Amino acid sequence: EAGVAQSPRYKIIEKRQSVAFWCNPISGHATLYWYQQILGQGPKLLIQFQNNGVVDDSQLPKDRFSAERLKGVDSTLKIQPAKLEDSAVYLCASSPGWGVQYFGAGTRLSVL
Amino acid sequence: AQSVTQLGSHVSVSEGALVLLRCNYSSSVPPYLFWYVQYPNQGLQLLLKYTSAATLVKGINGFEAEFKKSETSFHLTKPSAHMSDAAEYFCAVSDSNDAGNMLTFGGGTRLMVKP
């Protein structure tokens, strides 16, 4: 069974630039999550989708972050414009339910 | 609101020694508890989970954890550390086992194994 795919693996941008991350969840998983993991900290949930609807985006900085999950499968997370403090690993996870989330390898973003 | 505290951001053990990683949680409802492991440049991998069945949970790679409600703890142990166990370990709590559950993670503990 293929795992959660994320791309790119690494991205370096300058502040005020835009960036987008892509996630392909495990086939059949209805729930998809985006997390932000700052160096030395645990992952923090940014947004949760159930199929193509948003379940929770209370911790998403909506003035600069946006996410979508068209057709209830792939998802993209965008930052526009990026700030220095956005430097982190962005993790995508998917879940079939039953309390288990499966994580991708993440995208490491460096904002200079 | 739920929260997780992992005592000790870094733990160092010798190969063959006991591994003990501490996790305490706060939850207003009966919790579901998880341990994940993260190897360098990889995503998180589930080690084990507690979902209100047996209080002693066995996971992969010889790890186990015991749910102690009176102590609000879910410490992770392994009798004998191996070099390959060196990684970052995260404890997480959820208030649901259904689809759509949200995880709250602790800050993580980096395990170092000395030869």
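Residues numbered from 1 in each chain as written. Chains lettered and ligands numbered in written order. Predicted model: local features only at pLDDT ≥ 70, side-chain atom pairs only at ≥ 80, totals over all residues. Heavy atoms only, no water.

Chemist: Account for the overall build of chain A, with residues named and values stated.
Modeler: The secondary structure content of chain A amounts to zero helices and eleven strands. Counted from the first residue to the last, chain A has its helices and strands arranged as β-β-β-β-β-β-β-β-β-β-β. Its C-alpha atoms give chain A a radius of gyration of 13 Å, within 12% of the compact-globule value 13 Å for 112 residues. On the principal axes, the C-alpha backbone points of chain A span a range of 40 × 25 × 25 Å. (Helix = DSSP H or I, 4+ residues; strand = E, 2+ residues; numbered from the N terminus. Rg over C-alpha atoms; globule rule 2.2 N^0.38 Å.)

Chemist: How would you explain the packing of aromatic side chains if you had to name every residue and give the values?
Modeler: Going through the model one piece at a time under the given rule, you end up with 14 aromatic pairs over all chains. Plain terms: the ring middles of phenylalanine 103 of chain A and phenylalanine 105 of chain B are 6.1 Å apart, the flat faces sit at 75 degrees to each other, and that makes the pair edge-to-face. With phenylalanine 103 of chain A in strand 10 (residues 100-103) and phenylalanine 105 of chain B in strand 11 (residues 104-105), the pair connects residues from two separate chains. Per residue, the accessibility class of phenylalanine 103 of chain A equals that of phenylalanine 105 of chain B, and both read buried. (Phe/Tyr/Trp six-rings, centres within 6.5 Å; stacked < 30°, edge-to-face > 60°. Buried < 20%, exposed > 50% of the residue type's maximum accessible area, 1.4 Å probe, protein only.)

Chemist: How would you sum up the nonpolar core? Please name residues and give values.
Modeler: Trp35, Leu48, Phe74, Leu76 and Tyr89 of chain B are the most contacted members of the largest nonpolar core, which totals 27 residues. Looking at this core, the elements with two or more residues in it are strand 2 (10-14), strand 3 (19-21), strand 5 (32-38), strand 6 (44-50), strand 8 (64-68), strand 9 (73-78), strand 10 (87-94) and strand 12 (109-114) of chain B. Beyond its immediate stretch of four places on either side in the chain, leucine 76 of chain B contacts Val19, Leu20, Leu21, Trp35, Leu47, Leu48, Phe63, Glu64, Ala65 and Tyr89 of chain B. Counting 21 residues, the second largest nonpolar core, distinct from the first, contains Cys23, Ala88, Cys92 and Leu109 of chain A. (Core = buried A, V, L, I, M, F, W, Y, C linked by side-chain atoms within 4.5 Å. Contact = heavy atoms within 4.5 Å.)

Chemist: How would you summarise unusual backbone geometry if you had to cite specific residues and measurements?
Modeler: Between serine 7 of chain A and the following residue, proline 8 of chain A, the backbone shows a cis peptide bond with an omega angle of -10 degrees. Here proline 8 of chain A shows up in the loop between strand 1 (5-7) and strand 2 (10-13). For the bond from glutamine 80 of chain A to proline 81 of chain A, the omega torsion is -5 degrees, close enough to zero to count as cis. By the secondary structure assignment, proline 81 of chain A is in the loop between strand 8 (75-79) and strand 9 (88-97). Here the phi dihedral of arginine 16 of chain A falls at roughly 80 degrees; this positive angle occurs in a residue that is not glycine. Structurally, arginine 16 of chain A can be placed in the loop between strand 2 and strand 3 (19-24). Even without a glycine there, the phi angle at threonine 72 of chain B is positive, about 45 degrees. Relative to the elements of secondary structure, threonine 72 of chain B occurs in the loop between strand 8 and strand 9.

Chemist: Can you break down the interface of chain A and chain B residue by residue, with the values?
Modeler: Size of an interface, as often reported, equals the accessible area lost when the parts are brought together. Each partner contributes residues to the interface: chain A has 26 residues there, and chain B has 20 residues. For the pair chain A and chain B, the two sides together bury roughly 1600 Å², of which 50% comes from carbon and sulfur. Where chain A touches chain B, the interface holds zero salt bridges. Applying the counting rule to chain A against chain B returns three residue pairs in polar contact (both at pLDDT 80 or more). At the level of elements, strand 4 (31-37), strand 5 (44-50), strand 9 and strand 10 of chain A are the ones that each hand at least two residues to the side of chain A that touches chain B. Grouping the constituent residues of the side of chain A that touches chain B by class yields eleven nonpolar, twelve polar and three charged. (Buried area = accessible area lost by both parts, 1.4 Å probe. Salt bridge = Lys/Arg side-chain N within 4 Å of Asp/Glu carboxyl O. Polar contact = N/O pair within 3.5 Å; in protein donor to acceptor, adjacent residues only side chain to side chain. Nonpolar A, V, L, I, M, F, W, Y, C, P; charged D, E, K, R; others polar.)

Chemist: Go over the side chain of histidine 75 of chain B with me, naming the residues and quoting the values.
Modeler: All names here are of chain B. Following the sequence through the fold, histidine 75 ends up in strand 9. Polar side-chain contacts of histidine 75 include one of 2.9 Å to the backbone nitrogen of cysteine 23. The contacts of histidine 75, once residues within four sequence positions are left out, are Leu20, Leu21, Arg22, Cys23, Asn24, Trp35, Glu64, Ala65 and Glu66.

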